[in-house]
Amino acid sequence: MPHKIHIAPPFEKDERIVLTLDAGGTKFSFSAMAGGKQVVHPIEFPSHGDDLDKCLKTLVGGFAEIQSRLHSKPAAISFAFPGPAWYKEGIIGDLGNLPAFRGGVPLGPMLAKQFGVPVFINNDGDLFTLGEAVGGFLPEMNRHLVHADSTRQYKNLVGFTLGTGFGGGIARGGELHTGDNSAAGEVWLMRNPLYPQSFIEESISIRALRRVYKEHCRIGYRDGLTAKEIFQIAKGEIAGDASAAAKGFAELGSALGDAIATAVTLVDGLVVIGGGLSNAWELFAPAMLASVRSRLKAVDAERSVARLEVEAFDVEDPQGYDAFLKGDFRTVHLPNSTEKISFDAMKATAIGRSRLGTSAAVSLGAYVYAMRQLQA
């Protein structure tokens, strides 16, 4: 269930309006925000990703429809769009899920000319992570740590989105980290631990789930299964090969755990997961956590080391949440003194689901990014 957004100053009372969009491979979700909150009910249209003229008309029409519902002109347009892209320039490149944009389309400049306001475009995984960093998962974890009398507070967040594709983002100190080429957080290109000659999205996506189910299905296979149907098969709610469905989610979880471990090794922060497939948490989380908590062996010795220097907690599990909050308080003696020093010895990361809902987090991230750019 989406949680209430707690937007940090200085934008909670800002009345300027930003038009937002969550652009997926199959649908576009348009909205508008002011003060960190939605000020209109979102509207959705098919993306028409294989027809450029229809797609562009949908984008213009969607923003125009939202603008018509507002009491004043928006200050900016800010939205998520899949990459690869030249985000600073607003130019969209060769998209796998929206093939009509191949060859490069200056979407930002087109919309800026159409609506007469600044236009900011970022990766959907980036804006999802920023939204959860400023008003969702990260501040919620920190508030609960304070209430538990913990001395730990977190500043960094890595986000992953699981759906048509595999996306990611990094927020450091509450600021979006996009990299020098607007290419930070492109987690879909990580090496696939299950198929080393492939990229990891081939195991973390809806198409991957379908492929694995088809490969292992022994009874009642049919084409065109949705991710939800494969989930229902795994749960025994509808007819199908439950073992094959469970295998699909287990492979997804195992690959995801490897991606999480790699990201946490580099960033050292908390981890939030969103996207439609995150609703199947109970089916992929065990394999995900097993991968994150696995051990690596030395090449020429029997010695092994933990995959992570920090301990990973599943905060969707009440016991895991409690253990993360509790910490590991220890007391040590100050050398050459009778004085004692107490500290929390726990190095930890929390892994959990979106607290805002994926689309709402993307919208909040887009809003905050735009407002910071307008302040600059």
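None of these values were measured; they are calculated from a predicted model. (Residues numbered from 1 in each chain as written. Predicted model: local features only at pLDDT ≥ 70, side-chain atom pairs only at ≥ 80, totals over all residues. Heavy atoms only, no water.)

## Observations concerning unusual backbone geometry
Phase 1 of the analysis: The phi torsion at Asp149 lies on the positive side, around 60°, for a residue other than glycine.
Phase 2 of the analysis: The residue Asp149 is located in the loop between helix H4 (137-147) and strand S9 (156-162) in this model.
Phase 3 of the analysis: On the basis of relative accessible area, Asp149 is assigned to the exposed category, the value being 65%. (Helix = DSSP H or I, 4+ residues; strand = E, 2+ residues; numbered from the N terminus. Buried < 20%, exposed > 50% of the residue type's maximum accessible area, 1.4 Å probe, protein only.)

## Remarks on the packing of helix H3 (residues 124-135) against H4
Phase 1 of the analysis: Relative to each other, H3 and H4 sit at 30°, their axes nearing to 4 Å. Judged by the inter-axis angle, H3 sits roughly parallel to H4. Residues Glu132, Ala133, Val134 and Gly135 of H3 form the contact with H4, whose participating residues are Phe137, Leu138 and Pro139.
Phase 2 of the analysis: A class-by-class count of the residues in the contact of H3 with H4 yields five nonpolar, one polar and one charged. (Axes fitted to C-alpha atoms, helices over the stretch in contact; angles between N-to-C directions. Parallel < 35°, antiparallel > 145°, perpendicular 65-115°, else oblique. Contact = heavy atoms within 4.5 Å. Nonpolar A, V, L, I, M, F, W, Y, C, P; charged D, E, K, R; others polar.)

## Some words on the packing of aromatic side chains
Any pair of aromatic rings gets described here by the distance separating the centres and the angle formed by the planes.
Phase 1 of the analysis: Applying the stated criterion across every chain, the model contains 16 aromatic pairs.
Phase 2 of the analysis: Between Phe28 and Phe30, the ring centres sit 6.4 Å apart and the planes meet at 90°, which makes this aromatic pair edge-to-face. For the pair formed by Phe28 and Phe30, the shared burial category is buried.
Phase 3 of the analysis: On the basis of an interplanar angle of 85° and a centroid distance of 5.1 Å, the ring pair of Phe30 and Phe63 is categorised as edge-to-face. Of the two residues, Phe30 sits in strand S2 (residues 27-34) while Phe63 sits in helix H1 (residues 52-68), which places them 33 residues apart along the sequence.
Phase 4 of the analysis: The buried category is assigned to Phe30, whose relative accessible area is 0%.
Phase 5 of the analysis: Within the aromatic cluster, the residues linked to one another by ring pairs are Phe28, Phe30, Phe45, Phe63, Phe79, Phe81, Phe101 and Phe115.
Phase 6 of the analysis: Above the face of the Phe324 ring, Arg152 is positioned so that its terminal group lies 5.0 Å from the ring centre. (Phe/Tyr/Trp six-rings, centres within 6.5 Å; stacked < 30°, edge-to-face > 60°. Lys NZ or Arg CZ within 6 Å of the ring centre and 35° of its normal.)

## Concerning helix H5 (residues 206-216)
Phase 1 of the analysis: Those residues of H5 that sit buried are Ala208, Leu209, Val212 and Tyr213. Looking straight down H5, one finds its buried side chains confined to an arc of 130°; they lie on one side.
Phase 2 of the analysis: Its buried side turned inward, H5 meets helix H6 (227-234) and helix H7 (242-267). (Arc of directions from axis to C-beta.)

## Some remarks on the packing of H4 against helix H9 (residues 318-326)
The angle between the axes and the distance between the axes are what describe a pair of packed helices.
Phase 1 of the analysis: Running from amino to carboxyl end, H4 crosses H9 at an angle of 65°, the nearest separation of the two axes being 9 Å. Viewed along their axes, H4 and H9 form a crossing whose handedness is right-handed. Residues Glu140, Met141, His144 and Leu145 of H4 form the contact with H9, whose participating residues are Tyr321, Phe324 and Leu325. (Left-handed = near helix turned anticlockwise from the far one by under 90°.)

## Quick look at the environment of Asp344
Phase 1 of the analysis: In this structure, Asp344 sits in strand S17 (residues 340-344).
Phase 2 of the analysis: Residue classification places Asp344 among the buried positions, given a relative accessible area of 12%.
Phase 3 of the analysis: For Asp344 and Glu251, which are 93 residues apart along the polypeptide, the C-alpha to C-alpha distance reads 35 Å.
Phase 4 of the analysis: At a separation of 2.7 Å, a polar atom in the side chain of Asp344 contacts the side chain of Arg152.
Phase 5 of the analysis: A polar contact is formed between the side chain of Asp344 and the backbone nitrogen of Asp328, at a distance of 2.9 Å. (Polar contact = N/O pair within 3.5 Å; in protein donor to acceptor, adjacent residues only side chain to side chain.)

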